[in-house]
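This is what each chain is made of:
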Amino acid sequence: MAALSSPLRVCRGIMKELRAIQGPSYKKSLAYSYVMDQFRKNKVTGERYCRAQQEAHHDAHTYLCLLASTRNHLILHNLYHGKGERSPEEVAGLVGLRLPTQPGGKGWEK
Amino acid sequence: MLKGFLRLQSPLRSTLSLRKVSPRNQHLGIALRYSTATAGGVFEINLDRRKLKTPGGKLFTAPNEALAIAVATEWDAQRDTLKFYTMHLTTLCNTALDNPTERNKDQMINASLKFLETDTVCYRVEEPPALVELQKNEWDPVLHWIENRYNVNIGSSSSILGPDIPEATKDTFRQHLNSYNFWSLTGLEYVITQLKSVVLTMGIIDRHLSVEQAVLLSRLEEEYQIRRWGNVEWAHDYDMYELRARTAAGALFVHLTSESSTVKRKLLQD
């Protein structure tokens, strides 16, 4: 049932995510060097069905899922839930009213 | 890969520091600290020359490099504000280090196995028939897989009480979970709580399912309703991405804390 995308796509996906996080200098990051290192180490294997290779592939896929979903979650959060509260002026403006101004300031305000 | 400098802090400890200059003026690095007390090295994270600490005040230590790098990358992804709800691996490490609820392995195993009695995959509906069919087609294969893999009987049920799990099954799982260390158990319990299913969690951990597949199976009824009534991005997608992120973090956490790997080079003989 584990039909994962090919290692190449997973690798490219992780690179894209890291670039989204770190900007143009993502190749200098620790994560990039570690991931590339792991991909290179597991590329060559003598076995026809190598368990370590499969495990590394699954782990890479999991990490890609983690990076992609946190980024998407954050995007949706900022899009729909990120606005915070409205100020009193805006609330009054919603119904077409304006807050009164008191030149001396209100009694309890500093 | 170790571009850095050796920094002797005290006669007992030496620190190899990997420094990376980030586009922002925050210096993020991880340092490997060997101490004579522990068997191997533990990894610390340095932010702006200060060592990262857990919410409980302890020094943050990760048992291996991969986990430390992943946590450092989470911190690196933060911009003007720290959004802890996006830093799942950090949270998991903090929980494992601080153990704020002060539980031991047995308590965690019992809490995890409680989910087996109302496991998502075993809890079936009786109508509408399309959903019954969908549950049968999607969940039965996973149930068969886990029953074969662990040689247990679980079964599914459409009664309100859920399936009757035999004691032998629980004992098998209890024994299996006991073979994981405390850190991995923290991750396992986290994933089980997120997916509301022991079966799906073991599916991911044993690499039978991918995270996306397990999340889909966990949300099967919601997906069915979405297909029927339509998708609401700010609720459905939001929840799905959050569940995926948390599950992926938990699964990765378990894998990173429960394995050790060595590289054996074979000489090619022609």
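As a starting point, this report considers the structure included with it. (Residues numbered from 1 in each chain as written. Chains lettered and ligands numbered in written order. Predicted model: local features only at pLDDT ≥ 70, side-chain atom pairs only at ≥ 80, totals over all residues. Heavy atoms only, no water.)

**Remarks on the packing of aromatic side chains**
Residues and elements named next belong to chain B. Within the structure shown, the criterion is met by four aromatic pairs over all chains. Aromatic side chains Trp75 and Phe84 sit 6.2 Å apart centroid to centroid with 85 degrees between the ring planes, which places their arrangement in the edge-to-face category. Classification of Trp75 by relative accessible area gives buried; the value is 9%. Ring geometry for Trp183 versus Phe253: centroids 5.8 Å apart, planes at 20 degrees, classification stacked. Note that Trp183 is positioned in helix H6 (residues 182-195) and Phe253 in helix H10 (residues 233-258), a separation of 70 residues in sequence. Of the residues examined, Trp183 reaches a relative accessible area of 16% and is grouped as buried. On the accessibility criterion, Phe253 (0% relative accessible area) is buried. Here Arg149 stacks its cationic end above the ring of Tyr150, 4.7 Å away from the centre of that ring. Cation over ring: Arg228 sits above Trp229, and NZ or CZ is 4.6 Å from the ring centre. (Phe/Tyr/Trp six-rings, centres within 6.5 Å; stacked < 30°, edge-to-face > 60°. Buried < 20%, exposed > 50% of the residue type's maximum accessible area, 1.4 Å probe, protein only. Helix = DSSP H or I, 4+ residues; strand = E, 2+ residues; numbered from the N terminus. Lys NZ or Arg CZ within 6 Å of the ring centre and 35° of its normal.)

**Digging into the nonpolar core**
Core analysis: the biggest nonpolar cluster contains 86 residues, and Ile14(A), Leu89(B), Ile146(B), Ile154(B) and Phe173(B) have the highest contact counts within it. No other element matches the 11 residues that H10(B) contributes to this core. In this structure Leu89(B) touches Leu66(A), Leu67(B), Ala70(B), Val71(B), Glu74(B), Ala249(B), Leu252(B) and Phe253(B), once residues within four positions along its chain are discounted. (Core = buried A, V, L, I, M, F, W, Y, C linked by side-chain atoms within 4.5 Å. Contact = heavy atoms within 4.5 Å.)

**Things to note about H6(B)**
All names here are of chain B. If you check H6, its first and last C-alpha atoms are 20 Å apart, about what 14 residues at 1.5 Å a residue would give, namely 20 Å. Here H6 starts with a cap whose side-chain oxygen sits 3.0 Å from the backbone nitrogen of Trp183, and that cap is Asn181. Backbone geometry just downstream of H6 places Lys196 in the positive-phi region, at approximately 60 degrees. (Expected span 1.5 Å × (residues − 1). Polar contact = N/O pair within 3.5 Å; in protein donor to acceptor, adjacent residues only side chain to side chain.)

None of this, on its own, says anything about what the molecule does.
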